[in-house]
Amino acid sequence: MARISSTQPRKQRKFRYNAPIHTRGAFLHSPLASDLRQKYGKRSFRVVTGDTVKVLRGEFKGIEGVVDEVDVKNTKILVHGVYVKKANGEDVPRPLDPSKIMITKLNTKDAVRVERLEVKA
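Conventions adopted
- Residues numbered from 1 in each chain as written.
- Predicted model: local features only at pLDDT ≥ 70, side-chain atom pairs only at ≥ 80, totals over all residues.
- Heavy atoms only, no water.
- 1 Å grid on protein atoms, 1.4 Å probe; cavity = no way out; pocket = protein on both sides within 12 Å on 5 of 7 lines; lining within 4 Å.
- Points joined across faces, edges and corners; volume = space filled by probe spheres on them.
- Helix = DSSP H or I, 4+ residues; strand = E, 2+ residues; numbered from the N terminus.
- Nonpolar A, V, L, I, M, F, W, Y, C, P; charged D, E, K, R; others polar.
- Salt bridge = Lys/Arg side-chain N within 4 Å of Asp/Glu carboxyl O.
- Buried < 20%, exposed > 50% of the residue type's maximum accessible area, 1.4 Å probe, protein only.
- Phe/Tyr/Trp six-rings, centres within 6.5 Å; stacked < 30°, edge-to-face > 60°.
- Lys NZ or Arg CZ within 6 Å of the ring centre and 35° of its normal.

S.K.: Go over the layout of surface pockets with me, naming the residues and quoting the values.
M.R.: Roughly 270 Å³ of volume is contained in the largest pocket. If you trace the largest pocket, you find 11 residues lining it, with H29, S44, F45, R46 and R116 closest to the centre. Elements with a contribution of two residues or more to the lining of the largest pocket: strand 2 (44-46) and helix 4 (111-118). Classifying every residue of the lining of the largest pocket by side-chain character gives four nonpolar, two polar and five charged.

S.K.: I'd love a proper account of the pattern of salt bridges, names of residues and values included.
M.R.: Enumeration according to the criterion identifies four salt bridges in this entry. With a closest N to O distance of 3.8 Å, D97 and K76 form a salt bridge. Within this pair, whereas D97 is found in the loop between strand 7 (91-93) and strand 8 (101-105), its partner K76 is found in strand 5 (residues 76-79), the two being separated by 21 residues in sequence. For D97, a relative accessible area of 27% puts it in the partly exposed group. Looking at K76, the relative accessible area reads 29%, which means it is partly exposed. Taking the shortest distance from any N to any O, the salt bridge between E90 and K86 comes out at 3.7 Å. Judged by relative accessible area, K86 falls into the partly exposed class, the value being 40%.

S.K.: An account of the packing of aromatic side chains is requested, with residue identities and associated values reported.
M.R.: As enumerated under the stated definition, the model contains one aromatic pair in all. Between F15 and F27, the aromatic rings sit 6.2 Å apart at their centres with planes inclined by 75 degrees, giving edge-to-face as the arrangement. Of this pair, F15 sits in helix 1 (residues 9-18) while F27 sits in the loop between helix 2 (21-24) and strand 1 (29-31); the two residues are 12 residues apart in sequence, bridging distant segments of the chain. Relative accessible area serves as the criterion here: at 29%, F15 is assigned to the partly exposed category. Look at F27 and you get buried, because its relative accessible area is 10%. Over the aromatic face of F27 sits the side chain of R16, whose NZ or CZ is 4.1 Å from the ring centroid.

In structure tokens, the structure reads:
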């Protein structure tokens, strides 16, 4: 996990803004649902495409959907069913912050991810 030594908010923002892509993956962790916490013994895990998540905050609170896309560069997640209307009436996906969602069902098609889940740390 990325550690920030300074407690100054400006240095924390600078660290996140200037972080390399391989470090930004650590910013994409979201809390697990209580049943997944008990099963895997982890509090949070990285969000990937195909996970089912529930929105916890904002105007879309309570909506549950599948993750369509994970934007590592901007640290945002696009969830199926979370759209906003443009002025011309077109629906566009609303990017969400990983801290505002909870993983309710994991995508377990990747064997390496399943191994990482089952490792007790």
